[in-house]
Amino acid sequence: MNKKKLISLLVRYLVYALVIIFMVWAVKNQYFSYIFSETNTFLLLLKQHFQLVLVSSLLAIAVAVPAGILITRKSSRRAEWAVSNTVNFGQTIPSLAVLALMISILGIGFKTAVFALFIYSLLPIYRNTVAGIDSLDENLKDAARGMGMTPSQILFKIELPNAAYSILAGIRTAVVLNIGTAALAYVVGGGGLGVWIFTGIQLFDNGYLISGAIPVTLLAISVDFLLRLLERAVVSEGIKRTGGM
(Lines give C-alpha, C1' and ligand atoms only; values in the text may rest on other atoms or scores of the structure.)
Protein backbone atom coordinates (compact mmCIF):
# COMPACT_ATOMS: atom_id res chain seq x y z
CA MET A 1 0.00 0.00 0.00
CA ASN A 2 1.51 3.35 -1.06
CA LYS A 3 1.64 6.43 1.15
CA LYS A 4 -1.28 8.24 -0.53
CA LYS A 5 -3.65 5.29 -0.09
CA LEU A 6 -2.54 4.87 3.51
CA ILE A 7 -3.18 8.55 4.30
CA SER A 8 -6.54 8.40 2.54
CA LEU A 9 -7.50 5.32 4.55
CA LEU A 10 -6.41 6.91 7.83
CA VAL A 11 -8.37 10.10 7.11
CA ARG A 12 -11.46 8.07 6.21
CA TYR A 13 -11.36 6.05 9.42
CA LEU A 14 -10.66 9.20 11.44
CA VAL A 15 -13.80 10.80 9.99
CA TYR A 16 -15.80 7.65 10.75
CA ALA A 17 -14.50 7.68 14.32
CA LEU A 18 -15.41 11.35 14.81
CA VAL A 19 -18.91 10.75 13.44
CA ILE A 20 -19.41 7.79 15.80
CA ILE A 21 -18.14 9.82 18.77
CA PHE A 22 -20.47 12.70 17.88
CA MET A 23 -23.48 10.41 17.53
CA VAL A 24 -22.76 8.72 20.85
CA TRP A 25 -22.40 12.13 22.52
CA ALA A 26 -25.66 13.37 20.99
CA VAL A 27 -27.61 10.25 21.97
CA LYS A 28 -26.14 10.30 25.49
CA ASN A 29 -27.30 13.90 25.95
CA GLN A 30 -30.71 13.11 24.40
CA TYR A 31 -30.29 15.68 21.65
CA PHE A 32 -32.48 13.62 19.31
CA SER A 33 -35.37 13.53 21.77
CA TYR A 34 -37.48 16.03 19.79
CA ILE A 35 -37.60 13.66 16.83
CA PHE A 36 -39.43 11.13 19.01
CA SER A 37 -41.40 13.47 21.26
CA GLU A 38 -42.58 15.65 18.34
CA THR A 39 -42.68 13.03 15.60
CA ASN A 40 -45.60 14.56 13.66
CA THR A 41 -43.87 17.95 13.53
CA PHE A 42 -40.60 16.33 12.47
CA LEU A 43 -42.28 14.37 9.66
CA LEU A 44 -44.05 17.53 8.47
CA LEU A 45 -40.79 19.51 8.38
CA LEU A 46 -39.01 16.63 6.62
CA LYS A 47 -41.79 16.48 4.02
CA GLN A 48 -41.57 20.25 3.45
CA HIS A 49 -37.78 20.05 3.12
CA PHE A 50 -38.05 17.23 0.60
CA GLN A 51 -40.68 19.12 -1.42
CA LEU A 52 -38.51 22.25 -1.54
CA VAL A 53 -35.56 20.29 -2.88
CA LEU A 54 -37.61 18.17 -5.29
CA VAL A 55 -39.53 21.02 -6.92
CA SER A 56 -36.55 23.39 -7.23
CA SER A 57 -34.26 20.63 -8.55
CA LEU A 58 -36.77 19.46 -11.17
CA LEU A 59 -37.28 23.05 -12.34
CA ALA A 60 -33.51 23.57 -12.56
CA ILE A 61 -33.07 20.35 -14.57
CA ALA A 62 -35.92 21.35 -16.89
CA VAL A 63 -34.23 24.71 -17.59
CA ALA A 64 -30.48 24.05 -17.31
CA VAL A 65 -30.20 20.87 -19.38
CA PRO A 66 -32.12 22.23 -22.43
CA ALA A 67 -30.21 25.52 -22.10
CA GLY A 68 -26.91 23.63 -22.07
CA ILE A 69 -27.94 21.62 -25.11
CA LEU A 70 -29.15 24.70 -26.99
CA ILE A 71 -25.99 26.69 -26.30
CA THR A 72 -23.80 23.90 -27.74
CA ARG A 73 -25.54 24.14 -31.12
CA LYS A 74 -23.56 26.02 -33.77
CA SER A 75 -26.40 28.47 -34.32
CA SER A 76 -26.36 29.49 -30.63
CA ARG A 77 -22.62 29.58 -29.91
CA ARG A 78 -22.53 33.37 -30.13
CA ALA A 79 -24.84 33.58 -27.12
CA GLU A 80 -22.70 31.26 -24.97
CA TRP A 81 -20.77 34.07 -23.29
CA ALA A 82 -23.94 35.96 -22.32
CA VAL A 83 -25.85 32.89 -21.11
CA SER A 84 -22.91 31.42 -19.16
CA ASN A 85 -22.13 34.69 -17.43
CA THR A 86 -25.80 35.24 -16.56
CA VAL A 87 -25.95 31.82 -14.91
CA ASN A 88 -22.63 32.46 -13.14
CA PHE A 89 -23.90 35.81 -11.89
CA GLY A 90 -26.95 34.16 -10.35
CA GLN A 91 -24.65 31.86 -8.39
CA THR A 92 -22.56 34.75 -7.00
CA ILE A 93 -25.52 36.51 -5.36
CA PRO A 94 -25.73 35.59 -1.65
CA SER A 95 -28.63 33.28 -0.94
CA LEU A 96 -30.08 35.59 1.70
CA ALA A 97 -30.00 38.46 -0.80
CA VAL A 98 -31.95 36.38 -3.32
CA LEU A 99 -34.51 35.53 -0.65
CA ALA A 100 -34.86 39.16 0.40
CA LEU A 101 -35.25 40.29 -3.23
CA MET A 102 -37.91 37.69 -4.02
CA ILE A 103 -39.95 38.51 -0.92
CA SER A 104 -40.90 41.83 -2.52
CA ILE A 105 -42.06 39.99 -5.66
CA LEU A 106 -43.48 36.66 -4.48
CA GLY A 107 -44.04 37.41 -0.81
CA ILE A 108 -43.07 34.95 1.90
CA GLY A 109 -43.55 31.20 1.77
CA PHE A 110 -42.89 28.15 -0.37
CA LYS A 111 -42.66 29.89 -3.79
CA THR A 112 -39.93 32.29 -2.69
CA ALA A 113 -37.82 29.50 -1.18
CA VAL A 114 -38.23 27.33 -4.29
CA PHE A 115 -37.18 30.17 -6.58
CA ALA A 116 -34.01 30.88 -4.58
CA LEU A 117 -33.07 27.18 -4.58
CA PHE A 118 -33.83 27.01 -8.31
CA ILE A 119 -31.41 29.86 -9.02
CA TYR A 120 -28.65 28.14 -7.04
CA SER A 121 -29.21 24.82 -8.82
CA LEU A 122 -28.81 26.12 -12.36
CA LEU A 123 -25.03 26.60 -12.57
CA PRO A 124 -23.68 23.08 -11.84
CA ILE A 125 -26.29 21.42 -14.08
CA TYR A 126 -25.84 23.91 -16.94
CA ARG A 127 -22.05 23.90 -16.72
CA ASN A 128 -21.79 20.10 -16.66
CA THR A 129 -24.23 19.75 -19.55
CA VAL A 130 -22.16 22.08 -21.72
CA ALA A 131 -18.87 20.48 -20.63
CA GLY A 132 -20.18 16.96 -21.25
CA ILE A 133 -21.38 17.73 -24.77
CA ASP A 134 -18.30 19.80 -25.66
CA SER A 135 -15.99 16.98 -24.54
CA LEU A 136 -17.36 14.66 -27.22
CA ASP A 137 -14.83 13.85 -29.95
CA GLU A 138 -15.77 15.65 -33.19
CA ASN A 139 -14.63 12.62 -35.18
CA LEU A 140 -17.42 10.61 -33.56
CA LYS A 141 -20.01 13.13 -34.68
CA ASP A 142 -18.48 13.28 -38.17
CA ALA A 143 -18.75 9.50 -38.38
CA ALA A 144 -22.41 9.72 -37.36
CA ARG A 145 -23.07 12.33 -40.05
CA GLY A 146 -21.31 10.09 -42.55
CA MET A 147 -23.75 7.31 -41.63
CA GLY A 148 -26.63 9.64 -42.53
CA MET A 149 -27.80 10.46 -39.02
CA THR A 150 -29.80 13.67 -38.58
CA PRO A 151 -28.78 16.35 -36.03
CA SER A 152 -31.52 15.20 -33.63
CA GLN A 153 -30.39 11.58 -33.94
CA ILE A 154 -26.80 12.62 -33.24
CA LEU A 155 -27.97 14.55 -30.17
CA PHE A 156 -30.06 11.76 -28.63
CA LYS A 157 -28.02 8.74 -29.73
CA ILE A 158 -24.47 10.10 -29.59
CA GLU A 159 -24.09 13.36 -27.67
CA LEU A 160 -26.44 12.92 -24.70
CA PRO A 161 -25.48 9.28 -23.93
CA ASN A 162 -21.81 10.27 -23.93
CA ALA A 163 -22.48 13.40 -21.86
CA ALA A 164 -24.72 11.53 -19.39
CA TYR A 165 -21.93 11.02 -16.84
CA SER A 166 -21.13 14.74 -16.73
CA ILE A 167 -24.80 15.82 -16.68
CA LEU A 168 -25.71 13.43 -13.86
CA ALA A 169 -22.68 14.58 -11.88
CA GLY A 170 -23.93 18.16 -12.18
CA ILE A 171 -27.43 17.16 -11.11
CA ARG A 172 -26.05 15.25 -8.12
CA THR A 173 -23.98 18.24 -7.05
CA ALA A 174 -26.94 20.62 -7.40
CA VAL A 175 -29.35 18.41 -5.47
CA VAL A 176 -26.96 17.77 -2.57
CA LEU A 177 -26.19 21.48 -2.29
CA ASN A 178 -29.91 22.19 -2.44
CA ILE A 179 -30.62 19.95 0.52
CA GLY A 180 -28.28 21.97 2.72
CA THR A 181 -29.33 25.37 1.37
CA ALA A 182 -33.03 24.53 1.81
CA ALA A 183 -32.57 25.10 5.56
CA LEU A 184 -32.64 28.84 4.76
CA ALA A 185 -36.28 28.48 3.65
CA TYR A 186 -37.16 29.12 7.30
CA VAL A 187 -36.13 32.77 6.82
CA VAL A 188 -39.00 33.34 4.36
CA GLY A 189 -41.52 31.03 5.98
CA GLY A 190 -40.89 28.22 3.53
CA GLY A 191 -40.76 25.52 6.20
CA GLY A 192 -38.39 22.60 6.17
CA LEU A 193 -35.94 21.31 8.75
CA GLY A 194 -34.38 24.76 8.93
CA VAL A 195 -37.24 25.63 11.31
CA TRP A 196 -35.71 23.43 14.00
CA ILE A 197 -32.14 24.46 13.14
CA PHE A 198 -32.86 28.17 13.54
CA THR A 199 -35.09 27.55 16.55
CA GLY A 200 -32.18 25.75 18.20
CA ILE A 201 -29.86 28.65 17.42
CA GLN A 202 -32.29 31.26 18.75
CA LEU A 203 -33.09 29.34 21.93
CA PHE A 204 -29.57 27.97 22.45
CA ASP A 205 -31.19 24.53 22.42
CA ASN A 206 -28.86 21.85 21.03
CA GLY A 207 -31.78 19.42 20.94
CA TYR A 208 -33.66 21.38 18.26
CA LEU A 209 -30.45 22.26 16.44
CA ILE A 210 -29.17 18.69 16.15
CA SER A 211 -32.64 17.21 15.55
CA GLY A 212 -32.85 19.48 12.50
CA ALA A 213 -29.25 19.46 11.28
CA ILE A 214 -28.46 15.74 11.43
CA PRO A 215 -31.51 14.66 9.36
CA VAL A 216 -30.50 17.23 6.72
CA THR A 217 -27.02 15.70 6.61
CA LEU A 218 -28.38 12.15 6.44
CA LEU A 219 -30.83 13.19 3.71
CA ALA A 220 -27.99 14.67 1.64
CA ILE A 221 -25.86 11.54 2.04
CA SER A 222 -28.79 9.25 1.18
CA VAL A 223 -29.80 11.22 -1.92
CA ASP A 224 -26.19 11.39 -3.10
CA PHE A 225 -25.92 7.60 -2.71
CA LEU A 226 -29.16 7.01 -4.65
CA LEU A 227 -28.07 9.34 -7.45
CA ARG A 228 -24.74 7.51 -7.65
CA LEU A 229 -26.65 4.24 -8.06
CA LEU A 230 -28.72 5.86 -10.82
CA GLU A 231 -25.52 7.08 -12.43
CA ARG A 232 -24.09 3.56 -12.43
CA ALA A 233 -27.28 2.14 -13.90
CA VAL A 234 -27.62 4.73 -16.67
CA VAL A 235 -24.01 5.39 -17.71
CA SER A 236 -21.99 2.66 -19.40
CA GLU A 237 -18.62 1.60 -17.98
CA GLY A 238 -16.75 2.93 -21.01
CA ILE A 239 -18.24 6.41 -20.63
CA LYS A 240 -17.52 6.35 -16.87
CA ARG A 241 -13.85 5.68 -17.54
CA THR A 242 -13.76 8.46 -20.14
CA GLY A 243 -15.46 10.77 -17.65
CA GLY A 244 -12.77 10.09 -15.10
CA MET A 245 -14.74 7.87 -12.74
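Residues numbered from 1 in each chain as written. Predicted model: local features only at pLDDT ≥ 70, side-chain atom pairs only at ≥ 80, totals over all residues. Heavy atoms only, no water.

### Section: the confidence of the model for the chain
Link 1 in the chain: Summary statistics for the chain give a mean pLDDT of 86 and a share of 94% for residues scoring 70 or more.
Link 2 in the chain: Confidence, read as mean pLDDT per element, is least for helix 11 (residues 237-242) in the chain (57) and greatest for helix 3 (residues 39-71) (94). (pLDDT = per-residue confidence, 0-100. Helix = DSSP H or I, 4+ residues; strand = E, 2+ residues; numbered from the N terminus.)

### Quick look at helix 6 (residues 110-134)
Link 1 in the chain: In a regular helix each residue adds 1.5 Å, so 25 residues correspond to 36 Å; helix 6 covers 36 Å between its end C-alpha atoms and thus fits that length.
Link 2 in the chain: The sharpest bend along helix 6 measures roughly 30° and falls at Leu-122, with the proline Pro-124 sitting one to four residues further on.
Link 3 in the chain: With 18 of 25 residues buried, helix 6 is to be regarded as a mostly interior element. (Expected span 1.5 Å × (residues − 1). Bend = angle between axes of the 7 residues up to and from the residue. Buried < 20%, exposed > 50% of the residue type's maximum accessible area, 1.4 Å probe, protein only.)

### Observations concerning the pattern of salt bridges
Should the charged atoms of two oppositely charged side chains come close, the side chains can pair.
Link 1 in the chain: Applying the stated criterion across every chain yields a total of seven salt bridges.
Link 2 in the chain: For the salt bridge of Arg-145 with Asp-142, the shortest nitrogen-to-oxygen distance reads 2.6 Å. Within this pair, Arg-145 and its partner Asp-142 are both found in helix 7 (residues 138-146), separated by three residues, close to a single helical turn.
Link 3 in the chain: For Asp-142, a relative accessible area of 40% corresponds to the partly exposed category.
Link 4 in the chain: For Arg-172, the salt bridge goes to Asp-224, with nearest N and O atoms at 3.0 Å. In this pair, Arg-172 sits in helix 8 (residues 151-181) while Asp-224 sits in helix 10 (residues 206-234), placing the two residues 52 residues apart along the sequence.
Link 5 in the chain: Exposure remark for Arg-172: the relative accessible area of 13% places this residue in the buried category. (Salt bridge = Lys/Arg side-chain N within 4 Å of Asp/Glu carboxyl O.)

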